[in-house]
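# Observations on chain architecture
As a plain string of letters, each chain reads:
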Amino acid sequence: MTQSDSISLTPVSTGRWTTFAGPEWQNPGGGLWGGYAIGLFIRVLEAEPEAVGEALSLTLTYAAALPSGQVDIRTRRLRQGGSIGVWEVELLGAGSDQVAVHGMVTMARRPETPPFAFAVMPEAPTPESLPSPDHPGTPLHYGALAFERRGQDIFPPQVSGDSRSLVWVRSRRGPWDKALLGMVTDNSAPRAMYALGRTINNTTLSLTVYLHATVEELAKVGDDFILIECEGRVGGGGASDERSSYWSRDGKLLATSEQLTWYRPVQRRSPE
């Protein structure tokens, strides 16, 4: 992410960092937005002097809600080969010994290899033909603070027999980079809402992100819109899945993600 964003890191010692996450990055439920954690993982490894290459894949486990305020970060290199390095990253509330978000990150030097593609970008209206959902004077929080979305879906999603959505998104925080691309992978409504509406609460359990685009390819996208294709497949026993694809306007697949969420009915209080 660019220096104009609000993620700034302070080194404490080898493999130890701190940052301050303001309340504007909180979800409505109180904990920090999961996309913020993804961006923070990438940012800290970009700053880590022992890390080699760029972020290629991340798998995060959200063990507990991480409150806003001071955040402690721990990094540890597990292995470094000629091109691939594997890192462990943990986020903790300041002064706590309980890990809130744990992640495994693959860093890589990206060599020149023959490209190929089987995936095809879906057809969608141009972002310029779609209305902006922004309302002047309304404060922006968590995902909306980082991204502008344009699509034909409404929020909250309507119950239907189809969980697939297409939406164009562009950054409010400067040109696209690895951290922003990682953050946007946690910027879609939970797919369980397409089946059950707002009668449920959702919490992300784990999220895996594959960042196919190189740093140079993202630089070519600049601050343009990218298209997000998201769908859910199954839910039951409290768990629901979803998968997403992220496309540049010219049809290049930039990233893919898989997410597992925990959902449960909203507890209604009986009138006294």
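What you see is a predicted model, and the numbers here were worked out from it, not measured in a lab. (Residues numbered from 1 in each chain as written. Predicted model: local features only at pLDDT ≥ 70, side-chain atom pairs only at ≥ 80, totals over all residues. Heavy atoms only, no water.)

## Concerning the overall build of the protein chain
- Regarding its fold elements, the protein chain presents five helices and 13 strands.
- Here the protein chain has a C-alpha radius of gyration of 19 Å; the compact-globule value for 272 residues is 19 Å, and the two agree.
- For the protein chain, the accessible area works out to roughly 13900 Å², and carbon and sulfur atoms hold 53% of it.
- Separation between the mean location of the 25 positive side-chain charges and that of the 30 negative ones in the protein chain comes to 2 Å. (Helix = DSSP H or I, 4+ residues; strand = E, 2+ residues; numbered from the N terminus. Rg over C-alpha atoms; globule rule 2.2 N^0.38 Å. Areas by Shrake-Rupley, 256 points an atom, 1.4 Å probe, with all protein chains shown as cover. Lys, Arg positive; Asp, Glu negative; His and termini not counted. Charge placed at Lys NZ, Arg CZ, Asp CG, Glu CD.)

## Re the packing of aromatic side chains
- If you walk through the whole model with that rule in mind, you get five aromatic pairs.
- Residues Trp25 and Trp33 carry aromatic rings whose centres are separated by 6.0 Å and whose planes lie at 10° to one another, so their mutual orientation is stacked.
- Here the aromatic residues Trp25, Trp33, Tyr36, Phe147 and Trp176 are joined through ring pairs into a cluster of three or more.
- A cation sits over an aromatic face here: Arg249 above Trp168, 5.8 Å from the ring centre. (Phe/Tyr/Trp six-rings, centres within 6.5 Å; stacked < 30°, edge-to-face > 60°. Lys NZ or Arg CZ within 6 Å of the ring centre and 35° of its normal.)

## Section: helix H1 (residues 34-47)
- Under the 1.5 Å per step criterion, the end-to-end length of H1 is 20 Å for 14 residues, consistent within 8% with the ideal 20 Å.
- All buried positions along H1 are accounted for by Gly34, Gly35, Tyr36, Ala37, Ile38, Gly39, Leu40, Phe41, Ile42, Arg43, Val44 and Leu45. (Expected span 1.5 Å × (residues − 1). Buried < 20%, exposed > 50% of the residue type's maximum accessible area, 1.4 Å probe, protein only.)

## Quick word on the nonpolar core
- Within the largest apolar cluster, 52 residues are counted, with the highest numbers of intra-cluster contacts made by Leu58, Leu91, Phe147, Trp176 and Val184.
- Looking at this core, the element that brings in the most residues is H1, giving eight residues.
- Other than its neighbours up to four places away in sequence, Leu58 contacts Ile38, Phe41, Ile42, Met104, Val105, Leu207, Thr208, Val209 and Leu211.
- With six residues, the next largest nonpolar core counts Met121, Trp168, Leu227 and Trp247 among its residues. (Core = buried A, V, L, I, M, F, W, Y, C linked by side-chain atoms within 4.5 Å. Contact = heavy atoms within 4.5 Å.)

## Things to note about the side chain of Thr19
- Within the secondary structure, Thr19 is located in strand E2 (residues 16-21).
- The class of Thr19 is buried, set by a relative accessible area of 2%.
- Polar contacts involving the side chain of Thr19 include one to the main-chain carbonyl oxygen of Ser8, which spans 2.6 Å.
- What Thr19 contacts, discounting residues up to four positions off in sequence, is Ser8, Leu9, Tyr36, Leu40, Gly69, Gln70, Val71 and Ile73. (Polar contact = N/O pair within 3.5 Å; in protein donor to acceptor, adjacent residues only side chain to side chain.)

## As for the layout of surface pockets
- Of the voids in this model, the second largest pocket is the one considered here, and its volume is about 880 Å³.
- Of all the elements in the fold, those that place two or more residues in the lining of the second largest pocket are strand E3 (54-62) and helix H5 (215-221).
- Of the residues contributing to the lining of the second largest pocket, the split by class is 11 nonpolar, four polar and eight charged. (1 Å grid on protein atoms, 1.4 Å probe; cavity = no way out; pocket = protein on both sides within 12 Å on 5 of 7 lines; lining within 4 Å. Points joined across faces, edges and corners; volume = space filled by probe spheres on them. Nonpolar A, V, L, I, M, F, W, Y, C, P; charged D, E, K, R; others polar.)

## As for the environment of Asp186
- Tracing the sequence through the fold places Asp186 in the loop between helix H3 (178-184) and helix H4 (192-196).
- Excluding its chain neighbours within four sequence positions, the residues that come into contact with Asp186 are Trp33, Gly34, Gly35, Ile38, Thr204, Leu207 and Gln259.

## Concerning the pattern of salt bridges
- The tally for this structure, following the rule as stated, stands at 14 salt bridges.
- When the shortest N-O distance is used, the salt bridge between Arg77 and Glu50 registers 3.5 Å. Placement of the pair is Arg77 in strand E4 (residues 69-80) and Glu50 in the loop between H1 and E3, with a sequence separation of 27 residues.
- Linked through salt bridges whose partners overlap, the residues forming this network are Glu54, Arg110 and Lys178. (Salt bridge = Lys/Arg side-chain N within 4 Å of Asp/Glu carboxyl O.)

## What to know about the pairing of strand E5 (residues 84-93)
- Of all the 10 residues making up E5, eight are buried; the element is thus mostly covered by neighbouring parts of the structure.
- Pairing geometry for E4 and E5, over nine bridges, is antiparallel. What sits directly across from Gln80, in E5, is Gly85.
- Between the antiparallel neighbours E4 and E5 lie three residues.
- Bridging between E5 and strand E6 (residues 99-108) involves nine bridges; their strand directions are antiparallel. (Pairing = 2+ DSSP bridges.)

Purely geometric stuff here, so don't read any function into it on its own.
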